Amino acid sequence: MTTRATSRSTRAALALTAIAGSAVLATLPLATASAAPGDGLAVQYRTSASGATADQSEPWLKVRNTGTTSVALNQVKIRYYFKADSPTATYRFACSWAVKGCSAITGTFGTLANPTATADRYLEIGFTPAAGSLAPGADTGDMQLRFHQSNWQTLNQSDDYSFQGAPTSYADWTKVTAQLAGANVWGTAPAGNDPTTPPTTPPTTPPPGGGATLFDDFAYTSHTDPALASHGWSVRSNSGGPGVPGATWDPSKVTFTAQNGTTVMNLETSSAGTGATTTHTEVLTKATKFKNGTYAARVKFSDAPTYGPDGDRVVQTFFTINDLKAPMADDYAEYDFEYLPNGGWGEPANILYTTSWETYNPDPWQAVNQHSESRQSFAGWHDLVVTIDDSRITYYVDGAVFGTHDAAYLPERPMSINFNQWLIDLNGQPSTTPRAYDQQVDYVLHVKDQVLTPAQVTARLAALRAAGTTFVDEVPAS
């Protein structure tokens, strides 16, 4: 999460305005996947919001396997196309109910490269590995999905490409598209916008040798350990946002402890219900020299405080970022993993976001980004990986694809690497009883200009540790 001093109360809102002229970045291409012979899908549609205008659009969908082989749902992407209600309109996705379980369904908004009179955005529905697979002839069952403007203004559906108000029961609908392993297998997109989302299957061949590497096992004694600073890390102590006004960023709350034969970094955030008693924590690289390639960390999120009452709207993060030179500057970049164990930003309970930022305006708030989300507990240790090449940003959680974001959000300038934990506000838990939350980090790895699979990250980590390496930084200054 960014360290910029601005309220992020509308942080989850999306404004996916098309951004032209994104830099083409030179790095390793990913292999292209395609659907195997015998694979096929059909998408059925109905809506429970059939009016020309509505508070929210409600595309209810079923996906049916029309092929002869079983289909893994985490290889399936569905796109529903619509016309934004204004160029700056932002939207929120939700799942009301699904046979497969809402926690197994993801929703991401995107921007069409070639807008038409009836579509300039799309809602892309994906599935986590928990959704399982579809046997030939089987379907997903009901998926009662919805989206709305983030300000809850009435939206106009009558000019939306994929909208049809008439059906009262499910029927095949070809104005919603389906992709399987990156190949379009159902439906027709708006003219000039054939779905070209990159496959979620990672490359099967190992990358060539080399790749300047940053690796840190966080084998330090305390936040004052001279090696921490000499290795390029800064422990934040300056005031400002994000988070609770008046809170401090306390370096002494960043500690290092032995755990299972290694050392882990612990970030503690605490509060007694006032700004003056609230402390946040952040550790970041002093250098902004990281751009394309692979970023990985093993992070332990927590749902409950280590002591005191629960309920604070805490944010636990791993992210990269550079500075915003001016409002809506198009060379800004930020790539986030953000876990909210107690909700926040309009969410009532735990949710994990991955967000790719193009730019933003702090006042009045306007965001240009793309995000993926999962509403479930992520308490415990997780392997987080994000890869950036010349065509996409791909996020992985525990080896599985969590979200794939478009080329419009690629970075134009290098970034720093950051971990922080902070409270959005004090509304979730107004008690004045002291409480504290922990976020732990096992290691961080960056490999410049190489796209590694999660398995390759694991192998690289094992090789570094087998060699007794606790720190290396080969990445040149930008």
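Attention here is on the structure that accompanies the text. (Residues numbered from 1 in each chain as written. Predicted model: local features only at pLDDT ≥ 70, side-chain atom pairs only at ≥ 80, totals over all residues. Heavy atoms only, no water.)

1. Some details on the overall build of the protein chain
The cut-off we apply is this: Secondary structure is summarised from DSSP: a helix means a run of H or I of at least four residues, a strand means a run of E of at least two, and numbering begins at the N terminus for each. Exposure is judged per residue with a 1.4 Å probe applied to protein chains only, and the accessible area is read against the type maximum: over 50% gives exposed, under 20% gives buried, and values in between give partly exposed. Any two residues whose heavy atoms approach within 4.5 Å at even a single point are treated as in contact. In this description, accessible areas are obtained by the Shrake-Rupley approach with a 1.4 Å probe, and a residue is regarded as covered only by the protein chains that are shown.
A count of helices and strands for the protein chain gives 2 helices and 31 strands. For the protein chain, the proportion of its 478 residues judged to be buried stands at 56%. Long-range pairs, those at least 24 residues apart, make up 75% of the contacts in the protein chain between residues at least 6 apart in sequence. Accessible area of the protein chain: about 17,100 Å², with a carbon and sulfur share of 52%.

2. Quick notes on the state of the cysteines
Test applied: Any two cysteine sulfur atoms lying within 2.5 Å of each other are counted as a disulfide.
For the structure shown, the criterion picks out 1 disulfide. With a sulfur-sulfur separation of 2.1 Å, Cys95 is cross-linked through a disulfide to Cys102. Looking along the S-S bond of the Cys95-Cys102 disulfide, the torsion reads about -70°, which is the left-handed sense. A relative accessible area of 27% places Cys102 in the partly exposed class.

3. Observations concerning the side chain of Asn418
Worth spelling out the cut-off: What qualifies as a polar contact is a pair of N or O atoms within 3.5 Å, subject to a donor-acceptor requirement within protein and to the restriction that residues adjacent in sequence count only when both atoms come from side chains.
Structurally, Asn418 is set in strand S29 (residues 416–423). Here Ser416 takes part through its side chain, which lies 2.8 Å from a polar atom of the side chain of Asn418.

4. Describing the pattern of salt bridges
Rules: Take a side-chain nitrogen of Lys or Arg and a carboxyl oxygen of Asp or Glu: if they are within 4 Å of each other, that pair is a salt bridge.
A full pass over the atoms with the stated rule returns 20 salt bridges. A salt bridge links Asp172 to Arg64; its shortest N-O distance comes to 3.6 Å. Here Arg64 lies in strand S3 (residues 59–65) and Asp172 lies in strand S12 (residues 171–172), a separation of 108 residues in the sequence.

5. Side note on the sheet that holds strand S1 (residues 41–47)
Filter applied, for reference: If DSSP finds at least two bridges between two strands, the strands pair.
Here 5 strands make up an open sheet; going across it, the order is S6-S10-S3-S1-S12 and the pairing antiparallel. Of all the strands in the sheet, the pair left with one neighbour each is strand S6 (91–98) and S12. Direction of pairing for S3 relative to strand S10 (residues 143–149): antiparallel, over a ladder of 2 bridges. Pairing of Trp60 across the sheet is with Gln144, part of S10.

Scope: geometric values only; no functional claims are made or implied.
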